[in-house]
Amino acid sequence: MIPILKNDRLLRALARRPVDATPVWLMRQAGRYLPEYRQIRARAGSFLRLCENPELACEVTLQPIDRFALDAAILFSDILTIPGAMGLGLTFAEGEGPRFAHPIRSADDVNRLGVPDPESDLGYVMDAIRLIRHELDARVPLIGFAGSPWTLATYMVEGGSSTDFRHIKAMMFQEPDLTHRLLTILTDAVIGYLRAQIHAGAQVVMVFDTWGGVLSTPDYRAFSLAYLHRIVAGIRGVPIILFTKGGGAWLEEMADTDCDAIGIDWTTDMGKARKRVGKKVVLQGNVDPCILYARPERIRQEVARVLGEFGRGTGHIFNLGHGIQPHVDPERVGVLVDAVHELSIPYHGSSGSAHGTASRT
Ligand code: CP3
């Protein structure tokens, strides 16, 4: 019962099958840079109310799809829905980011945590997915997502965003067993949540490990990657993309999880990354999100550079190296998306097979 997609570039690239042009979608493609988003958020009253309202979340998910020639939609939600459902008292103060009224600081706090039931505690997310699939009408695939256990733990233990990660790192170094207990609960929660998203209709899933890159190599392996392994092993039926921001040093190890694709940020060279992972995984990325503050010609140049670094053949999903920032002019997003399609055509197709396109696909 595989629905025929009108645009299946993303799924083809994830399966390393030939594409006519490189697929592109952008992290945070639905968000504050779009005036139509700001309008709906005002109508919802707050960001969280928007996430919790399936009709409005659906509308916002589709806004960038209606405006730009994007090759995928991403569920409008947040990685912090899981800790929110665990009863940590999540709020988003205007302009200040997330805040937890009850951060996790002790063994008692961890012991009190339960794994949320995705269908009841996070049912609004599943309702949004079903509605989005219906409204998308097979135009493009829908990406579901969750935060990595490590990244969720940073917010839960810090009580919000952090620059120094002092509470979570103190816990990691002082009480590694407790930290592993917390990460194990979060891993179970993430697996259940992603499975429910797939059941509801997500056609690809992505795990955002935004803060894996603040760890040393052995700590990354023990406190983030080990749990990413469990998540990949626990997910069946759809491709899975792993993104560790600042994770350029660990691409081979990330590929060993058997994930389908790895997101890379702009500090990692796309061409070298491709040589390192070979055909094992697809690569997603990786222009600096601030390129969208440049003028159109400069944006096109940067798109051309990254496409050229990846080179011929399938297996590349164009994206930013992190989310779109709120002050970006939406027109520049259109310039980038169109440039990816136009400038990538010469890297696909049968002409120039002297470079071995067929063997790569
Ligand atoms: O990509 C998309 O378009 C889908 C929606 C999406 C959001 N958050 C919406 C959002 C996704 C995939 C996320 C993931 C997310 N959320 C991550 C991982 C990716 C990353 O950006 O590193 C993280 C770390 C969060 C946690 C989070 N949510 C923070 C720290 C903040 C505040 C910072 C900020 O950008 O305002 C949010 C809020 C948030 N999540 C907004 C959006 C559109 C802005 C909320 C608003 O409208 O005010």
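Residues numbered from 1 in each chain as written. Predicted model: local features only at pLDDT ≥ 70, side-chain atom pairs only at ≥ 80, totals over all residues. Heavy atoms only, no water.

S.K.: What's the story with the confidence of the model for the chain in this structure? I'm lost.
M.R.: Close reading of the predicted structure is inappropriate where its pLDDT is low. Averaged over the chain, the pLDDT score is 95; the fraction of residues at 70 or greater is 96%. Here residues 352–361 scores under 50 on pLDDT; set against residues more than four positions off or in separate chains, the count is 16 contacts. (pLDDT = per-residue confidence, 0-100. Contact = heavy atoms within 4.5 Å.)

S.K.: Quick question: what am I supposed to make of the nonpolar core here?
M.R.: Generally speaking, soluble globular proteins have nonpolar side chains that are buried together. Residues Leu-182 and Leu-336 are the most contacted members of the largest nonpolar core, which totals 130 residues. Considering every element that reaches this core, the biggest residue donor is helix 11 (residues 176–200), with 13 residues. Once you skip the residues sitting within four places of it in the chain, Leu-182 turns out to touch Ile-104, Val-110, Leu-113, Ala-153, Met-156, Val-157 and Met-171. (Core = buried A, V, L, I, M, F, W, Y, C linked by side-chain atoms within 4.5 Å. Buried < 20%, exposed > 50% of the residue type's maximum accessible area, 1.4 Å probe, protein only. Helix = DSSP H or I, 4+ residues; strand = E, 2+ residues; numbered from the N terminus.)

S.K.: Would you mind going over the pairing of strand 3 (residues 97–100) with me for this structure?
M.R.: Strand residues, when the strand is regular, have side chains that alternate between the two faces of the sheet. Inspection of the sheet shows strand 2 (residues 90–93) paired to strand 3 by four bridges, in the antiparallel sense. From the neighbouring strand, Thr-91 faces strand 3, where its bridge partner is Arg-99. In this antiparallel pair of consecutive strands, strand 2 and strand 3, the connection spans three residues, and Gly-95 shows a positive phi of 70 degrees. (Pairing = 2+ DSSP bridges.)

S.K.: Explain unusual backbone geometry to me, please; I cannot follow it from the model alone.
M.R.: Across the chain, the bulk of peptide bonds are trans and the bulk of non-glycine residues have phi less than zero. Of note, the bond from Gly-285 into Asn-286 is cis; its omega dihedral lies within 30 degrees of zero at 0 degrees. With respect to the helices and strands, Asn-286 occurs in strand 8 (residues 282–287). The phi torsion at Arg-16 lies on the positive side, around 55 degrees, for a residue other than glycine. If you trace the backbone, Arg-16 turns up in the loop between helix 1 (9–14) and helix 2 (35–44). Look at Arg-16 and you get buried, because its relative accessible area is 15%. With a phi close to 55 degrees, Asp-137 is a non-glycine residue in the positive phi region. Counting through the fold element by element, Asp-137 comes out in the loop between helix 8 (123–136) and strand 4 (142–147). Exposure remark for Asp-137: the relative accessible area of 48% places this residue in the partly exposed category.

S.K.: Could you clarify how one ought to interpret the sheet that holds strand 5 (residues 204–209) in this entry?
M.R.: Note on sheets: strands pair through backbone hydrogen bonds, and any given pair is parallel or antiparallel. Here we have seven strands laid out as an open sheet, ordered 1-4-5-6-7-8-9, and parallel in their pairing. Either end of the sheet is taken by a strand with one partner, and the two such strands are strand 1 (73–74) and strand 9 (316–320). Pairing analysis gives three bridges linking strand 6 (residues 240–244) to strand 7 (residues 261–263), with the strands arranged parallel. What sits directly across from Ile-241, in strand 7, is Ala-261. With respect to the sheet, helix 15 (residues 296–310) is in contact with strand 8 and strand 9, its orientation differing from that of strand 9 by roughly 145 degrees. (Axes fitted to C-alpha atoms, helices over the stretch in contact; angles between N-to-C directions.)

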